[in-house]
Amino acid sequence: MTTEDQRVGKSHVGWRPERLREHREAHGLTLEQAGERVRAVAEQAKLKGVPAANPQTLWQHEQGEVYPGPHYRRAYCLLYRATDPELGFRNPLPGEDTQFKLTPMNDQRNGSHVLAVERALLRIGAGSSEADAMGLQQRILDAWKRRHTGGDPNRPQVVLVGGFAGSGKTEFARFLTQLTGWPLLDKDPLTRPLVEQLLVALGGDANDRHTDLYRERVRPVEYDCLMQAAYANINCGISTVLTAPFIAEMTSEAWMSRLTNRCSALGVDVSPIWVQCDRDSMREYISFRSAARDAWKLQRWDEYMSTVDMDLRPAVPHLVVDNRMGTAISLADQARHALGAVYG
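Residues numbered from 1 in each chain as written. Predicted model: local features only at pLDDT ≥ 70, side-chain atom pairs only at ≥ 80, totals over all residues. Heavy atoms only, no water.

**Let's talk about the environment of Asn233**
Right, on to step 1. Residue position: Asn233 is located in helix α9 (residues 212-234).
Right, on to step 2. Given a relative accessible area of 16%, Asn233 falls into the buried group.
Right, on to step 3. As a C-alpha pair, Asn233 and Val158 span 75 residues in sequence and 9.4 Å in three-dimensional space.
Right, on to step 4. The contacts of Asn233, once residues within four sequence positions are left out, are Pro183, Leu185, Ile238 and Thr240. (Helix = DSSP H or I, 4+ residues; strand = E, 2+ residues; numbered from the N terminus. Buried < 20%, exposed > 50% of the residue type's maximum accessible area, 1.4 Å probe, protein only. Contact = heavy atoms within 4.5 Å.)

This is the structure:
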């Protein structure tokens, strides 16, 4: 596993550590004060692995001696109300520097929380010509607003959030549930105890996610459990967000047709969302979550990546969230922080 002190800045294209110091000084903070604020904002945002943020670590970040890990970068973005490129962590993606400017947190009466949510939802874009990105964005906004006014005139909605390991799909799915109040069904916590016990009972390794034993005998049961839980909500007309890789499922027209037809018969709409990420960010996210099931991937990264088609997309009309370099998750953090200031 890569540790914080092993991520040397010279290996990160576009990194400009002096910008962290510039933002800190513009906010009138000492290193000690900035560390306290980083810890506070990370705890408030419920970021996993809240950083210690001692002055020495922040000084190393600002001097370019150590490249901040993902938890630090997310906390810095929340603290300074800035994006990764604005803080000098990387170069902007094409078009990223033309997106909305972040709204100051102390300007709550002009709808800054609404702007923050809308900006984050704009990360959902059409992945195919038939997909209605604006339609789902509006549905999510309506559901969020009606949580505070009551009533939802729309048909129930099932949102599938898929993508490769470490793409950020779980974080984005959680963001959608926080906006809408729709229940979240996450494959890993929902099925992991069953999967681990089943693998052991079949003579395998509890953390196996790469052998034929898992793929052929366990994975189908795992996804069947997830979908049975989903259908329990669907049969009741309850909008639901599901998150799992869905690699085989979203790329199968037959599987998606069965799901869509079954839901349609019950008056429920289906929206597949694919979370796009880059290789380096995927590896970083996987490393930081320190899950035993990821050990094989990290130990044989090149071998694992040889099986990953970064251009893979669902075989049906779908939406895409561009989370390369963590852009979508960063904006989701900003929106959640803005909502917490207004409704917290």
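Anyway, onward from the coordinates.
**Examining the packing of aromatic side chains**
Right, on to step 1. Evaluated as defined, the whole model comprises nine aromatic pairs.
Right, on to step 2. Aromatic pair Tyr76 and Tyr80: ring centres 6.3 Å apart, planes at 5 degrees, arrangement stacked. Here Tyr76 pairs with Tyr80, and both are found in helix α4 (residues 70-80), just four residues apart, close to one helical turn. In this pair, the class of Tyr76 matches that of Tyr80, namely buried.
Right, on to step 3. Their ring planes at 65 degrees and their centres at 5.8 Å tell us that Tyr223 and Phe246 sit as a pair that is edge-to-face. Note that Tyr223 is positioned in helix α9 and Phe246 in the loop between β4 (240-243) and α10 (247-250), a separation of 23 residues in sequence. Here the two residues Tyr223 and Phe246 agree in accessibility, since each one is buried.
Right, on to step 4. Geometry around Tyr231 places Arg262 over its ring, the cationic atom sitting 3.5 Å from the centre.
Right, on to step 5. The ring of Tyr304 carries the charged tip of Lys297 above its face, separated from the ring centre by 5.7 Å. (Phe/Tyr/Trp six-rings, centres within 6.5 Å; stacked < 30°, edge-to-face > 60°. Lys NZ or Arg CZ within 6 Å of the ring centre and 35° of its normal.)

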